[in-house]
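Residue-level structural notes
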Amino acid sequence: MNGRTIVLTLAVLLPLSAFAQTPPAAEEGQAAAKSYVPGIEQFMNVIQSEHAKLWYAGNAQNWELAAYQLGEIKEIMSDVEDLYPAFKNLPLGKMLDAVITGQIAEIEKALDAKDSKAFAAVYDKLTEACNSCHQATGNGFIVIQRPSGPAFPNQNFSPRK
């Protein structure tokens, strides 16, 4: 950048900085601002969405997208393990770890092999594991299944050509 570009950039950005907000500091005697931690249901809703997208991608044999969606599931499950190691006096972290090292590892193998038949079978095992966890935590009324319709009509799950 030359000197003029820097001056012009600063002339534009500095006035905008006046509108930037910083969180208010706690005044003496007041509690510090509460930081937001999503509830377990928010995490589970995201996992459910990624679970459906995993199916669509794998069913379309878009192995790269399916691997990405599976990675997202693992990341969210890891966050849940860290934030909610126990839930309703159950070792939720260990339960999720069993799913990650079991069914998710099997899906990774099917994706690496680009094996549609194996993918469908292990996807169903993953779904069954989700439902088993729901049963164990007293949330058996939450039943996950293979997607049966286009839940994401704005996304193309086919591999790029």
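Every value quoted in this text rests on a predicted model; they were computed, and no experiment measured them. (Residues numbered from 1 in each chain as written. Predicted model: local features only at pLDDT ≥ 70, side-chain atom pairs only at ≥ 80, totals over all residues. Heavy atoms only, no water.)

Focus: the overall build of the chain
The secondary structure content of the chain amounts to 5 helices and 0 strands. Put simply, the chain runs from its N terminus to its C terminus through helices and strands in the order α-α-α-α-α. Looking at the chain as a whole, 32% of its 161 residues are labelled buried. The long-range share in the chain, meaning contacts at least 24 apart out of those at least 6 apart in sequence, stands at 63%. A total of about 10900 Å² of accessible surface is found on the chain, and carbon and sulfur atoms cover 56% of it. (Helix = DSSP H or I, 4+ residues; strand = E, 2+ residues; numbered from the N terminus. Buried < 20%, exposed > 50% of the residue type's maximum accessible area, 1.4 Å probe, protein only. Contact = heavy atoms within 4.5 Å. Areas by Shrake-Rupley, 256 points an atom, 1.4 Å probe, with all protein chains shown as cover.)

Some points on the packing of aromatic side chains
Applying the stated rule across the entire model yields 7 aromatic pairs. Ring geometry for Phe43 against Tyr84: centres 6.4 Å apart, planes inclined by 70°, an arrangement best described as edge-to-face. Here Phe43, found in helix 2 (residues 40-59), pairs with Tyr84, found in the loop between helix 3 (63-83) and helix 4 (92-113); they are 41 residues apart in sequence, far enough to count as distant. For the pair formed by Phe43 and Tyr84, the shared burial category is buried. Between Trp55 and Tyr123, the aromatic rings sit 5.0 Å apart at their centres with planes inclined by 50°, giving tilted as the arrangement. (Phe/Tyr/Trp six-rings, centres within 6.5 Å; stacked < 30°, edge-to-face > 60°.)

Notes on the packing of helix 4 against helix 5 (residues 116-136)
Contact geometry for helix 4 and helix 5: axes closest at 8 Å, N-to-C directions at 170°. Judged by the angle between their axes, helix 4 and helix 5 are roughly antiparallel. In this structure, helix 4 contributes Leu92, Met95, Val99, Gln103, Ile104, Glu106, Ile107, Ala110 and Leu111 to the contact, and helix 5 contributes Ala118, Phe119, Val122, Tyr123, Lys125, Leu126, Ala129, Cys133 and Ala136. (Axes fitted to C-alpha atoms, helices over the stretch in contact; angles between N-to-C directions. Parallel < 35°, antiparallel > 145°, perpendicular 65-115°, else oblique.)

Some details on helix 4
The terminal C-alpha atoms of helix 4 lie 31 Å apart, and with 22 residues this matches the ideal 32 Å at 1.5 Å per residue to within 8%. At Ile104, helix 4 shows its maximal kink, close to 30°. Buried residues of helix 4: Leu92, Gly93, Met95, Leu96, Val99, Ile100, Ile104, Ile107, Ala110 and Leu111, and no others. Buried residues in helix 4 make contact with helix 2, helix 3 and helix 5. (Expected span 1.5 Å × (residues − 1). Bend = angle between axes of the 7 residues up to and from the residue.)

Describing the pattern of salt bridges
By the definition in use, this model includes 3 salt bridges. The salt bridge involving Glu106 is made with Lys125; its shortest N-O contact spans 3.5 Å. One end of the pair, Glu106, is in helix 4; the other, Lys125, is in helix 5, and 19 residues separate them in sequence. (Salt bridge = Lys/Arg side-chain N within 4 Å of Asp/Glu carboxyl O.)

Comments concerning the packing of helix 2 against helix 3
Direction vectors running N to C along helix 2 and helix 3 enclose 165°, while the axes themselves pass 8 Å from each other. Taken together, the axes of helix 2 and helix 3 lie roughly antiparallel to each other. Note on packing geometry: the crossing formed by helix 2 with helix 3 is left-handed. Listed contacts from helix 3 to Ile40, Phe43, Met44, Val46, Ile47, Glu50, His51, Lys53, Leu54, Ala57 and Gly58 of helix 2 are Trp63, Leu65, Ala66, Gln69, Leu70, Glu72, Ile73, Ile76, Met77, Asp79, Val80 and Leu83. (Left-handed = near helix turned anticlockwise from the far one by under 90°.)

Quick notes on unusual backbone geometry
Positive phi, normally seen in glycine, also occurs at Gln61, with a value near 60°. The residue Gln61 is located in the loop between helix 2 and helix 3 in this model. Of note, the phi angle at Lys88 is positive, near 55°, even though the residue is not glycine. Lys88 sits in the partly exposed class, given a relative accessible area of 48%.

Focus: the state of the cysteines
Across all of its chains, the model carries 0 disulfides by this definition. Between Cys130, a free cysteine, and Cys133, which holds the nearest cysteine sulfur, the sulfur-to-sulfur gap is 7.8 Å. (Disulfide = S-S within 2.5 Å.)

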